[in-house]
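Observations on the three-dimensional arrangement
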Amino acid sequence: MTDDTDLRRAFLAACSRLAEATSFDVQCDEVGNMLGHLNRLIQFKGYEKRIAKEPSTPMARRVLVFRHKNEHDLVTPAAAGDAFPDTFTELSGVLEWVESDELLKDSRYERYKVVDIIGRPVIDTFAEAFEEVYALPKLPRAEPKPKTHLFRLIELEAGYPETRVIECVRCSWKSDPMLGLEDQAVPVCRSS
Ligand SMILES: [Zn+2]
């Protein structure tokens, strides 16, 4: 069973491969992997729907806007000297987030202030984004709703109205024909 420490290990391994890569193409591939790991971590924490409103993950939201976009439009190699990442990389020069037409059309671009990471080193911003989500508490999965009885009226002996009872079509519990319904304790439906 994968848990958040496994996901973090996989993410950090992708970060290392990015840092050690000797071509920007390989670095781009790892950016794709890192986006996948970040998304799996969000699912693991139970934040698929809530991440958009979660105040403690501004960086993760910005990075996620790049998901499902054309890989080659996400990032661009910047020449050495233009930007220095905090993380050591094998190649001089660094991948930076880049603004594309596709990105500018995305309504989240404004809302999440994605512009704040444009031109910043991918490796550093990504590490920050991942740690934000990693720090979130895991939300409990919603318990499945217990099934409720689905009653139908039947006659135990056809043609004898006094033998009418209610029966649950899910768990087959039947009322007692000898007692009024108000005098009977109806059990929990056993069908779930
Ligand atoms: Zn039932």
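Note that this is a predicted model, so its numbers are computed, not measured.

Once that is clear, we can look at the overall build of the protein. When helices and strands are counted, the protein shows seven helices and four strands. Secondary structure of the protein in N-to-C order comes out as α-α-α-α-β-β-α-α-α-β-β. Here the protein has a C-alpha radius of gyration of 28 Å; the compact-globule value for 192 residues is 16 Å, and the former is much larger. Dimensions of the protein, computed from the C-alpha atoms along their principal axes, are close to 95 × 35 × 25 Å. Within the protein, the proportion of its 192 residues that are buried is 23%.

Nonpolar side chains in soluble globular proteins tend to end up buried together. In terms of nonpolar packing, the biggest core is built from 33 residues, with Leu38, Ala60, Val63, Ala129 and Val133 touching the most fellow members. Elements represented by at least two residues in this core include exactly α1 (4-20), α2 (24-45), α3 (58-64), β2 (94-97) and α7 (122-134). In this structure, Ala129 is in contact with Leu38, Met59, Ala60 and Val63, ignoring residues within four places of it in sequence.

Moving on: the packing of α2 against α7. In a pair of packed helices, the angle between the axes and the distance between the axes together describe the arrangement. Across the interface, α2 lies against α7 with an axial gap of 10 Å and an inter-helix angle of 10°. It follows that α2 is roughly parallel to α7 by the angle criterion. Seen along the crossing, α2 lies across α7 with a hand that is left-handed. Here Val31, Met34, Leu38, Leu41, Ile42 and Lys45 of α2 lie close against α7, whose contacting residues are Val122, Phe126, Ala129, Phe130, Val133 and Tyr134. Here the contact of α2 with α7 is composed, by residue class, of 11 nonpolar, no polar and one charged.

Contact geometry for α1 and α2: axes closest at 9 Å, N-to-C directions at 165°. The pairing of α1 with α2 is recorded here as roughly antiparallel in orientation. Considering the relative orientation of α1 and α2, their crossing is left-handed. For the pair formed by α1 and α2, the contact residues are Asp4, Leu7, Ala10, Phe11, Ala14, Cys15, Arg17 and Leu18 on the first element and Gln27, Glu30, Asn33, Met34, His37, Arg40, Leu41 and Phe44 on the second. Partitioned by chemical class, the residues of the contact of α1 with α2 number nine nonpolar, three polar and four charged.

Segmentation of the protein into domains returns domain 1 (4-134) and domain 2 (145-192). Look at where the C-alpha atoms of domain 1 and domain 2 centre, and you get two points 58 Å apart.

This part is about α2. Here α2 spans 31 Å end to end across 22 residues, near enough to the 32 Å set by a 1.5 Å rise per residue. All of the buried residues in α2 are Gln27, Glu30, Val31, Met34, Leu35, His37, Leu38, Leu41, Ile42 and Lys45. Once α2 finishes, Gly46 follows within two positions and takes phi at roughly 80°, a positive value.

Before going further, it helps to spend a moment on unusual backbone geometry. With the exception of glycine, the majority of residues adopt a negative phi angle, and the majority of peptide bonds are in the trans configuration. Even without glycine at this site, Lys113 takes up a positive phi of about 55°. Mapped onto the elements, Lys113 comes out in the loop between α6 (108-111) and α7. A residue is classified by how many C-beta atoms lie within 10 Å of it, and Lys113, with 12 of them, is exposed. In the Ramachandran plot, Ser172 falls in the positive-phi region, its phi being about 60° despite a non-glycine side chain.

On the secondary structure map, Leu181 appears in the segment after β4 (164-168). Leu181 sits in the exposed class, given 10 other C-beta atoms within 10 Å. Placed 16 residues apart in sequence, Leu181 and Val165 show a C-alpha to C-alpha distance of 8.8 Å.

Turning our eyes to something else, we now look at the environment of Leu150. Topologically, Leu150 is positioned in the loop between α7 and β3 (151-155). Considering only alpha carbons, one finds Leu150 and Glu167, 17 residues apart in sequence, at a separation of 8.0 Å. In contact with Leu150, not counting residues within four places along its chain, are Cys168, Val169 and Arg170.

About the criteria used
Residues numbered from 1 in each chain as written. Predicted model: local features only at pLDDT ≥ 70, side-chain atom pairs only at ≥ 80, totals over all residues. Helix = DSSP H or I, 4+ residues; strand = E, 2+ residues; numbered from the N terminus. Rg over C-alpha atoms; globule rule 2.2 N^0.38 Å. Buried ≥ 20, exposed ≤ 12 C-beta atoms within 10 Å, placed from the backbone. Core = buried A, V, L, I, M, F, W, Y, C linked by C-beta atoms within 7 Å. Contact = placed C-beta atoms within 7 Å. Axes fitted to C-alpha atoms, helices over the stretch in contact; angles between N-to-C directions. Parallel < 35°, antiparallel > 145°, perpendicular 65-115°, else oblique. Left-handed = near helix turned anticlockwise from the far one by under 90°. Nonpolar A, V, L, I, M, F, W, Y, C, P; charged D, E, K, R; others polar. Domains from an automatic or database assignment. Expected span 1.5 Å × (residues − 1).

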